[in-house]
Amino acid sequence: MGQPDSRGGQAPQHGADRLPPGQRPQRGWPVTHYGPVPRFRPERWEFRVFGATADGGKRCWTHEEFSALPYETVVADLHCVTKFSMQDAEWGGVSAGTFLALAPPAPEVTHVMVWAEYGYSANLRLADFAARRTVFATHRDGELLTAEHGFPVRLVVPQLYAWKGPKWVRGVEYMTADRRGFWEERGYHNIGDPWREQRYSYQEEPGDGPDL
Ligand SMILES: Nc1nc2c(c(=O)[nH]1)N[C@H]1C(S)=C(S)[C@@H](COP(=O)(O)O)O[C@H]1N2
Ligand SMILES: [Mo]
């Protein structure tokens, strides 16, 4: 809850007071990623769910089919591990739960790998992927994403550092054991909970991730 402010109302729910430890608020919306911005080719684009699905098959959505999936909105912050946070964006898109329902994982699935253009990837525990606010966003504050922010689809996982949310997502792999994604192999924490300041792999405790 916010504290009453001098005008007698509720203080706004933004600012440094509700940021994870070590984070500072960032005005505007910088672009942060590794490598070039991919070009979107609608006729070649597809979104795939594969790996350990319940029925052993894989599912694909064209861009047109993806755009017709149920649209939901989530208000969430992006916490970059380099210590700035963009607060209060409204993300619109398809919730991860929709894909779990349309292409259910096998009962043995414990983790997912989210794959993006150029082989960028991020691994997530199934519970983080299945969290109510995890969304494959196509919009931010009601507007289509721009190319540099991940058009046509980026993942937003509000409870984890932003590298766990690939821009230019192309698919989800269901996994029956954990495997490290792109940054998780390169010194970043396997789980990446900003409230526990899980920034770097040297902070990992036994059980937090597969051997490096
Ligand atoms: N495909 C891809 N997605 C990515 C990254 C990347 O390098 N490649 N960087 C991540 C990081 S570290 C951050 S902080 C956010 C930044 O999102 P933004 O550029 O929209 O602010 O994207 C994440 N998604
Ligand atoms: Mo980041």
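Basis of the calculations
- Residues numbered from 1 in each chain as written.
- Chains lettered and ligands numbered in written order.
- Predicted model: local features only at pLDDT ≥ 70, side-chain atom pairs only at ≥ 80, totals over all residues.
- Heavy atoms only, no water.
- Helix = DSSP H or I, 4+ residues; strand = E, 2+ residues; numbered from the N terminus.
- Rg over C-alpha atoms; globule rule 2.2 N^0.38 Å.
- Buried < 20%, exposed > 50% of the residue type's maximum accessible area, 1.4 Å probe, protein only.
- Pairing = 2+ DSSP bridges.
- Axes fitted to C-alpha atoms, helices over the stretch in contact; angles between N-to-C directions.
- Near = heavy atom within 4 Å.
- Polar contact = N/O pair within 3.5 Å; in protein donor to acceptor, adjacent residues only side chain to side chain.
- Areas by Shrake-Rupley, 256 points an atom, 1.4 Å probe, with all protein chains shown as cover.
- Nonpolar A, V, L, I, M, F, W, Y, C, P; charged D, E, K, R; others polar.
- Salt bridge = Lys/Arg side-chain N within 4 Å of Asp/Glu carboxyl O.
- Phe/Tyr/Trp six-rings, centres within 6.5 Å; stacked < 30°, edge-to-face > 60°.
- Lys NZ or Arg CZ within 6 Å of the ring centre and 35° of its normal.
- Core = buried A, V, L, I, M, F, W, Y, C linked by side-chain atoms within 4.5 Å.
- Contact = heavy atoms within 4.5 Å.

## Some details on the overall build of the chain
- If you tally the helices and strands in the chain, you get three helices and 11 strands.
- On C-alpha atoms alone, the chain measures out to a radius of gyration of 17 Å, which is about the 17 Å that the 2.2 N^0.38 rule sets for 212 residues.
- Its C-alpha atoms give the chain principal-axis dimensions of roughly 60 × 40 × 35 Å.
- For the chain, buried positions account for 47% of its 212 residues.

## A closer look at the sheet that holds strand S7 (residues 121-125)
- What the five strands build is an open sheet, ordered S3-S2-S11-S6-S7; its pairing is mixed. Each having just a single partner strand, strand S3 (59-62) and S7 make up the two edges of the open sheet. Ignoring which end each strand starts from, the neighbouring axes of this sheet average 15° apart.

## A word on the site of ligand 1
- Around ligand 1, 18 residues are found, and the nearest of them are Thr32, Tyr34, His149, Arg154 and Lys167.
- Backbone polar atom of proline 30 to an oxygen atom of ligand 1: 2.9 Å apart, as the coordinates give it.
- At a separation of 2.5 Å, an oxygen atom of ligand 1 approaches a polar side-chain atom of arginine 154.
- Look at ligand 1: alone it shows 530 Å² of surface, and the protein chains cover 97% of it.
- Taken together, the residues of the shell around ligand 1 break down into 12 nonpolar, four polar and two charged.

## Focus: the pattern of salt bridges
- Inspection of every chain in the model, using the stated rule, returns 10 salt bridges.
- Across the salt bridge formed by arginine 18 and aspartate 88, the nearest N and O atoms sit 2.5 Å from each other. You can see arginine 18 sitting in the segment before strand S1 (24-25) and its partner aspartate 88 sitting in strand S5 (residues 84-95), a full 70 residues away along the chain.
- What makes aspartate 88 partly exposed here is its relative accessible area of 35%.
- Ionic pairing is found between aspartate 141 and arginine 140, a salt bridge with its closest N-O pair at 3.9 Å.
- Overall, the relative accessible area of 43% leaves aspartate 141 in the partly exposed class.
- A single network of salt bridges, built from pairs that share partners, joins Arg18, Asp77 and Asp88.

## Focus: the packing of aromatic side chains
- Summed over all chains, the structure comprises 22 aromatic pairs.
- Relative to tyrosine 188, the ring of tryptophan 183 lies with its centre 5.6 Å away and its plane at 80°, an arrangement referred to as edge-to-face.
- When the ring centre of phenylalanine 50 is taken as origin, the NZ or CZ atom of arginine 48, which lies over that ring, is 4.2 Å away.

## Section: unusual backbone geometry
- Residue proline 152 follows phenylalanine 151 across a cis peptide bond; omega there is 10°.
- Tracing the backbone through its elements, the reader meets proline 152 in the loop between strand S9 (143-144) and strand S10 (154-156).
- The backbone of aspartate 141 sits at a positive phi, close to 50°, despite the residue not being glycine.
- Following the sequence through the fold, aspartate 141 ends up in the loop between strand S8 (135-140) and S9.
- Look at glutamate 197: it is not a glycine, yet its phi comes out positive at around 50°.

## Some thoughts on the pairing of S8
- Taken across its six residues, S8 has five buried, putting it largely inside the fold.
- Alignment of S5 against S8, held across five bridges, turns out to be antiparallel. Note on S8: the bridge partner recorded for serine 95 is valine 135.
- In the sheet, S8 pairs with S10 via three bridges, with the strands oriented antiparallel. By the bridge assignment, valine 135 is partnered in S10 with valine 156.

## Considering the nonpolar core
- Residues Phe47, Phe66, Phe99, Phe129 and Phe136 are the most contacted members of the largest nonpolar core, which totals 25 residues.
- Looking at this core, the elements that each hand over two or more residues are strand S2 (46-51), helix H2 (96-102), strand S6 (111-116) and strand S11 (169-175).
- Once you skip the residues sitting within four places of it in the chain, phenylalanine 99 turns out to touch Phe47, Val49, Trp61, Phe66, Leu69, Val94, Pro104, Phe136 and Tyr174.
- Core analysis: the second largest hydrophobic core is formed by 14 residues, Val74, Met86, Ala89 and Ala162 among them.

Geometric descriptors of this kind do not, in isolation, establish any biological role.
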